[in-house]
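Notes for the structure review
As a plain string of letters, each chain reads:
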Amino acid sequence: MPSALTDLSRYPIVQAPMAGGASRPELAAAVSDAGGLGFLAAGYKTPEAMYEEIKALRGLTGRPFGVNLFMPQPSVADAAAVDVYREQLAGEANWYETPLGDTDGSTDDAYEAKVAILLDNPVPVVSFTFGCPSRAVFDAFAKAGTLTVATVTSPAEAQAAQWSGADAVCVQGIEAGGHQGTHHDDPYADGPGHGVGLLTLIAQVREAVQVPVVAAGGLMRGAQIAAVLAAGATAAQLGTAFLVCPESGANELHKRAVTDPVFPGTELTRAFSGRPARGLVNRFIREHGPYAPAAYPQIHYLTAGLRKAAAAAGDPQGMALWAGQGHRLARELPAAELVELLAAELDAARASLKPDAAS
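These lines cover the structure that appears in this document, whether it is placed above or below. (Residues numbered from 1 in each chain as written. Predicted model: local features only at pLDDT ≥ 70, side-chain atom pairs only at ≥ 80, totals over all residues. Heavy atoms only, no water.)

Describing the overall build of the protein chain
Put simply, the rule reads: Helical segments are the DSSP runs of H or I of at least four residues, strand segments are the runs of E of at least two, and each set is numbered from the N terminus. Restricting the calculation to C-alpha atoms gives the radius of gyration, and the globule rule supplies 2.2 Å times the number of residues raised to the power 0.38. Throughout, exposure labels follow a simple rule: accessible area from a 1.4 Å probe, protein chains only, divided by the maximum for the residue type, with under 20% read as buried, over 50% as exposed, and the rest as partly exposed. Pairs of residues are marked as contacts when any of their non-hydrogen atoms sit within 4.5 Å.
Secondary structure assignment for the protein chain yields 14 helices and eleven strands. At 20 Å, the protein chain has a C-alpha radius of gyration in line with the 21 Å of a compact globule built from 359 residues. Each principal axis of the C-alpha atoms in the protein chain carries an extent, and together these give about 65 × 45 × 40 Å. In the protein chain, buried positions account for 56% of the 359 residues. Contacts spanning at least 24 positions in sequence make up 69% of the contacts within the protein chain whose residues lie at least 6 apart.

Remarks on unusual backbone geometry
Note: most residues except glycine have negative phi, and most peptide bonds are trans. Here tyrosine 296 and proline 297 are connected by a cis peptide whose omega angle stands at 5°. Mapped onto the secondary structure, proline 297 falls in the loop between α12 (283-288) and α13 (298-312). Of note in the backbone geometry, glutamate 97 takes a positive phi value of approximately 50° without being a glycine. Checked against the element boundaries, glutamate 97 lands in the loop between α4 (90-96) and α5 (111-120). Overall, the relative accessible area of 73% leaves glutamate 97 in the exposed class.

A short note on the sheet that holds strand β3 (residues 65-70)
Rules: When DSSP finds at least two bridges between two strands, those strands are taken to pair. The angle between two axes is taken between their N-to-C directions and runs from 0 to 180 degrees, where each axis is a line fitted to C-alpha atoms and a helix contributes only its stretch in contact.
Here we have eight strands laid out as an open sheet, ordered β1-β9-β8-β6-β5-β4-β3-β2, and parallel in their pairing. With partners counted over all chains shown, the strands left at the sheet margins are β1 (13-15) and β2 (38-41), one partner each. Across the sheet, the mean angle from the axis of one strand to that of its neighbour is 25°, orientation sign disregarded. In terms of strand pairing, strand β6 (residues 168-172) meets strand β8 (residues 213-216) through four bridges, oriented parallel. Bridge pairing links valine 169 to valine 213 in β8. Sitting on the sheet, helix α2 (residues 47-60) is in contact with β2 and β3, with an inclination near 170° to β3. Sheet strands in contact with helix α9 (residues 222-230) are β1, β8 and β9 (235-238), and its direction is about 135° off that of β9.

Focus on the sheet that holds strand β7 (residues 178-179)
Two pairing modes exist for strands in a sheet, parallel and antiparallel, and in both the strands are linked by backbone hydrogen bonds. With respect to topology, three strands assemble into an open sheet ordered β7-β11-β10, the strand pairing being antiparallel. Either end of the sheet is taken by a strand with one partner, and the two such strands are β7 and β10 (266-269). In terms of strand pairing, β10 meets strand β11 (residues 277-280) through four bridges, oriented antiparallel. Residue threonine 269 lies in a different strand from β11, and its bridge partner there is alanine 277.

A closer look at the environment of alanine 335
Examined against the element boundaries, alanine 335 turns out to sit in helix α14 (residues 335-352). In contact with alanine 335, other than residues within four places in its own chain, are Leu27, Ala30, Val31, Phe242, Cys245 and Glu247.

Some words on the state of the cysteines
Operational definition: Sulfur atoms of two cysteines make up a disulfide when they are within 2.5 Å.
Scanning the model with the defined rule gives zero disulfides in all. Here cysteine 245 is not disulfide-linked; the sulfur of cysteine 170 is the nearest cysteine sulfur, at 18 Å.

Focus on the side chain of histidine 179
The following threshold applies: Whenever two N or O atoms come within 3.5 Å, that pair is a polar contact, provided that in protein one can donate a hydrogen and the other can accept it, and provided that, for residues adjacent in sequence, both atoms are side-chain atoms.
For histidine 179, the location among the structural elements is in strand β7. Using a relative accessible area of 14% as the deciding quantity, one classes histidine 179 as buried. Side chain to side chain, histidine 179 and serine 273 meet in a polar contact 2.7 Å long. In this structure, histidine 179 is in contact with Tyr44, Phe130, Gln172, Ser273, Arg275, Pro276, Ala277, Tyr296 and Trp322, ignoring residues within four places of it in sequence.

Brief notes about the packing of aromatic side chains
Spelled out, the test is: Pairs were defined over the aromatic rings of Phe, Tyr and Trp, the Trp ring being its six-membered one, requiring ring centres within 6.5 Å. Orientation was assigned from the angle between planes: stacked under 30 degrees, edge-to-face over 60, tilted for the rest. As a reminder, the over-ring test applies to NZ of lysine and CZ of arginine, requiring each to be within 6 Å of the ring centre and within 35 degrees of the ring normal.
Within this structure, the stated rule accounts for seven aromatic pairs. With centroids separated by 5.3 Å and ring planes inclined at 65°, the aromatic side chains of phenylalanine 130 and tyrosine 296 adopt a geometry described as edge-to-face. A residue pair is termed long-range when its members are at least 10 positions apart, and phenylalanine 130 in the loop between β4 (125-129) and α6 (135-144) and tyrosine 296 in the loop between α12 and α13 qualify at 166 residues. Relative accessible area serves as the criterion here: at 3%, phenylalanine 130 is assigned to the buried category. Judged by its relative accessible area of 9%, tyrosine 296 is buried. The interplanar angle of 20° and the centroid separation of 4.6 Å between the aromatic rings of phenylalanine 272 and phenylalanine 284 together place this pair among those described as stacked. Taken together, the positions of phenylalanine 272 in the loop between β10 and β11 and phenylalanine 284 in helix α12 put the pair twelve residues apart, joining distant regions of the chain. A network of ring pairs unites the aromatic residues Tyr44, Phe70, Phe130 and Tyr296 as a single cluster. Across the ring face of tryptophan 163, the terminal group of arginine 135 is positioned such that the distance to the ring centre comes to 5.7 Å.

Some words on the pattern of salt bridges
Definition in use: In what follows, salt bridge is the name for a side-chain nitrogen of Lys or Arg lying within 4 Å of a carboxyl oxygen of Asp or Glu.
Following the criterion strictly, the structure yields ten salt bridges and no others. Where lysine 45 meets glutamate 53, a salt bridge forms, and the shortest distance between an N and an O atom there is 3.9 Å. Residues lysine 45 and glutamate 53 agree in their burial class; the two are buried. Of the charged contacts, one joins aspartate 185 and arginine 270 as a salt bridge, the two residues approaching to 2.7 Å between their closest N and O atoms. Taken together, the residues span a long stretch of sequence, with aspartate 185 in the loop between β7 and α8 (198-208) and arginine 270 in the loop between β10 and β11 at a distance of 85 residues. Owing to a relative accessible area of 28%, aspartate 185 belongs among the partly exposed residues under this scheme.

Some remarks on the nonpolar core
Formally: Buried Ala, Val, Leu, Ile, Met, Phe, Trp, Tyr and Cys residues that are joined via side-chain atoms within 4.5 Å together make up what is termed a nonpolar core.
In terms of nonpolar packing, the biggest core is built from 69 residues, with Val67, Leu69 and Phe242 touching the most fellow members. The leading source of residues in this core is α14, at seven residues. In contact with valine 67, other than residues within four places in its own chain, are Phe39, Leu40, Ala42, Met50, Ile54, Leu118, Val123, Val125, Val126 and Ser127. Leu100, Leu253, Met319 and Ala320 belong to the second-largest nonpolar core, a separate cluster that totals 27 residues.

Right, dumping it as structure tokens:
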């Protein structure tokens, strides 16, 4: 199903916006120039820093790209539960010789200011995570000529995004690395029995809405891209696959951990941020994950210093090593080479499905 979104790039390959430094301008430019759609991640950045990254990216490529925003979060944290978790992390603070963070930081990620900048200086695509903007916001971006994408994790969220005016939805399966983009964080939904796999979720969403679908979650090979396109998606979004590229701004310890057999698997955890996020299972997750409260972004602020100190000490066991379920399939290639390889694999997979392929 063609769409205005897929017209922006030669291949139906989107580089996921990875907040925390991985999605820097060099990576987005390399992906866009190679025929994919590169993305910047504005999450955790100031509006000024977001603007400077957009300027830098425009200086590197003339191709279309996208910017991802975090939606403001409701104040649902239990202060007592946060205090208990603070006490539990006291030993980590002593070990890394760094104080725990102040949990009274902003919960809106400067959303309004970032939206204002993007309306004054439009970019080709803006996507949203952790919620759905109002119709007024979607209409404003449409008037500015910007395509909009809402991250969704259920048919109901996809319907809300379509009703509000999103041009497309990014369907995020349970396999995805990093934070789950649920619109409403429900601690009662934690556990192995919850969450829907990507292929099933694509089918559910395709029957619920008419807007184009971008598929995300554990995708690492061109044959997987072919599978989600066959399931009804118009494009595939990959994060972990690009995390290990030299253009990625991810910490080198993080990049190495993705394919290190010391970290054989992933799980969803609230340990680092207070919101479910998939990462490589390390000591910090094992020791603190079961006790972390549903308190985002308060826990994110609380552990920020610990994560930085662990990285500075060369200790991946104390870092948030976000990765999808397909992490062991990561290939340490320049981003442009990876895009071309994925496109070749996609073509080969499509050719093998043609009726005359066996003749």
